[in-house]
Amino acid sequence: MRDQTAKWALSICVSILAVGAGCAGNPVAPFDSFQSAPITAYRLQNYEPPPAVAAAPTLPGQIPGLPPEIQKWVTAGAAMLPPGLILPGLIPGIGAPVAPVDNTPRFHNFRVLGMPTNVIDTKLRDELVSIFGFAKNFDDTHASCVYAEFGFSFARIGQPPADVLVSLSCDQVQAQNFIWPHKSTGLTPDSTQRIIKASQSIFGG
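Report follows, based on the coordinates.

Thresholds applied
- Residues numbered from 1 in each chain as written.
- Predicted model: local features only at pLDDT ≥ 70, side-chain atom pairs only at ≥ 80, totals over all residues.
- Heavy atoms only, no water.
- Helix = DSSP H or I, 4+ residues; strand = E, 2+ residues; numbered from the N terminus.
- Buried < 20%, exposed > 50% of the residue type's maximum accessible area, 1.4 Å probe, protein only.
- Contact = heavy atoms within 4.5 Å.
- Areas by Shrake-Rupley, 256 points an atom, 1.4 Å probe, with all protein chains shown as cover.
- Disulfide = S-S within 2.5 Å.
- Axes fitted to C-alpha atoms, helices over the stretch in contact; angles between N-to-C directions.
- Parallel < 35°, antiparallel > 145°, perpendicular 65-115°, else oblique.
- Left-handed = near helix turned anticlockwise from the far one by under 90°.
- Nonpolar A, V, L, I, M, F, W, Y, C, P; charged D, E, K, R; others polar.
- Core = buried A, V, L, I, M, F, W, Y, C linked by side-chain atoms within 4.5 Å.
- Salt bridge = Lys/Arg side-chain N within 4 Å of Asp/Glu carboxyl O.
- Pairing = 2+ DSSP bridges.
- Phe/Tyr/Trp six-rings, centres within 6.5 Å; stacked < 30°, edge-to-face > 60°.

## Things to note about the overall build of the protein chain
Working step 1: Counting secondary structure elements, the protein chain contains four helices and nine strands.
Working step 2: Relative to its 205 residues, the protein chain shows a buried fraction of 41%.
Working step 3: Within the protein chain, counting contacts between residues at least 6 apart in sequence, those at least 24 apart form 65% of the total.
Working step 4: Surface exposure of the protein chain reaches about 11900 Å², of which carbon and sulfur atoms provide 60%.

See the structure below:
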């Protein structure tokens with residue numbers, strides 16, 4: 001009788017663990033429905049200075065006109081990113097300045113750099129869903145600014161696409177056209193590295 005009770009208790013524990021593992025293994029809505037949805041990726045200009053910026057004294061190594069969050073990001077190591085993922089002209093000596101152009105394509109008010117890219121590779125699609133679909137990839141330890149370098153658009157049937165702006169300079173994401181499903185929007189260090197790696201594969205950086 002004791003052995004039967006022990007087996008019954010063990011069976012309940014295994015069932016509970018299995019259910020828990022299943023819940024933990026699935027991305028939350030709406031990302032749980034995006035595995036087969038068309039995904040479009042955008043490279044964005046994270047900051048667009050006003051047409052005329054008054055000259056102001058700057059500290060040694062400081063780039064005039066940049067918000068402090070981006071200045072800090074550049075100083076802290078944005079220069080280590082592959083050239084293809086850096087805003088041209090943002091860091092002296094890397095690329096050429098972007099000339100103002102009228103009617104430039106934009107993604108939620110951010111200038112689109114180059115052509116949008118359809119994410120076809122299954123592993124990359126799964127990785128994007130995995131990054132954005134789990135609360136463990138986000139925390140509240142970062143500033144709330146958003147100067148987006150990347151955008152990801154997940155198509156939905158009969159609804160506007162679910163768009164995500166990604167700001168590596170602020171370690172933040174921002175949802176557009178849908179309600180963000182997690183409590184936090186700040187990227188963890190691991191999530192930042194995963195997005196950088198995925199973006200390199202998508203854009204060939």
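## A look at the state of the cysteines
Working step 1: Scanning the model with the defined rule gives one disulfide in all.
Working step 2: Here Cys145 pairs with Cys170 through a disulfide, and the sulfurs are 1.9 Å apart. In this structure, the disulfide formed by Cys145 and Cys170 twists by about -115° around the S-S bond and is classed as left-handed. Of this pair, Cys145 sits in the loop between strand 5 (138-139) and strand 6 (150-156) while Cys170 sits in the loop between strand 7 (159-167) and strand 8 (172-176); the two residues are 25 residues apart in sequence, bridging distant segments of the chain. Exposure class is identical for Cys145 and Cys170. Each is buried.

## A look at the packing of helix 3 (residues 122-132) against helix 4 (residues 189-203)
Working step 1: For the pair helix 3 and helix 4, interaxial distance at closest approach is 11 Å and the crossing angle is 155°. As the angle between them shows, helix 3 and helix 4 are arranged roughly antiparallel. As for the relative orientation of helix 3 and helix 4, their crossing is left-handed in sense. Residues Leu124, Glu127, Leu128, Ser130, Ile131 and Phe132 of helix 3 pack against Arg194, Ile195, Ala198, Ser201 and Ile202 of helix 4.
Working step 2: Looking at side-chain class alone, the contact of helix 3 with helix 4 contains seven nonpolar, two polar and two charged residues.

## A short note on the nonpolar core
Working step 1: Phe31, Leu128, Phe132, Phe152, Phe154, Val164 and Val166 are the most contacted members of the largest nonpolar core, which has 33 residues in total.
Working step 2: Only strand 1 (39-43), helix 2 (68-76), helix 3, strand 6, strand 7 and helix 4 provide two or more residues apiece to this core.
Working step 3: The contacts of Leu128, once residues within four sequence positions are left out, are Ile39, Val119, Phe152, Phe154, Ala198 and Ile202.
Working step 4: Counting residues in each nonpolar core, the second largest holds eight residues, with Leu44, Val146, Ala148 and Leu165 among its members.

## Things to note about the pattern of salt bridges
Working step 1: Counting across every chain of the model gives four salt bridges.
Working step 2: A salt bridge links Arg194 to Asp190, with the shortest nitrogen-to-oxygen separation between them at 4.0 Å. Here the residue Arg194 and the residue Asp190 both occupy positions in helix 4, the gap between them amounting to four residues, near one helical turn.
Working step 3: One network of salt bridges, with partners in common, ties together Glu48, Arg106 and Arg111.

## Some thoughts on the pairing of strand 7
Working step 1: Examined bridge by bridge, strand 6 and strand 7 share six bridges and lie antiparallel to one another. Bridging from a neighbouring strand, Phe154 pairs with Ala162 of strand 7.
Working step 2: Hairpin geometry of strand 6 and strand 7 is characterised by an intervening segment of two residues between the two adjacent antiparallel strands and by a positive phi of about 75° at Gly158.
Working step 3: Of the pairings in the sheet, the one linking strand 7 to strand 8 comprises five bridges and is antiparallel in character. Of the residues in strand 8, the one forming a bridge with Leu165 is Gln174.

## Side note on the packing of aromatic side chains
Working step 1: Scanning the entire structure with this criterion turns up 13 aromatic pairs.
Working step 2: Between Phe31 and Phe34, the aromatic rings sit 5.5 Å apart at their centres with planes inclined by 85°, giving edge-to-face as the arrangement.
Working step 3: Cluster of aromatic residues (ring-pair linked, three or more members): Phe31, Phe34, Phe132, Phe138, Phe152, Phe154, Phe178 and Trp180.

## A word on the environment of Ile179
Working step 1: By the secondary structure assignment, Ile179 is in the loop between strand 8 and strand 9 (186-187).
Working step 2: On the accessibility criterion, Ile179 (75% relative accessible area) is exposed.
Working step 3: Distance from Ile179 to Ala29, taken between C-alpha atoms, is 10.0 Å for residues 150 residues apart in sequence.

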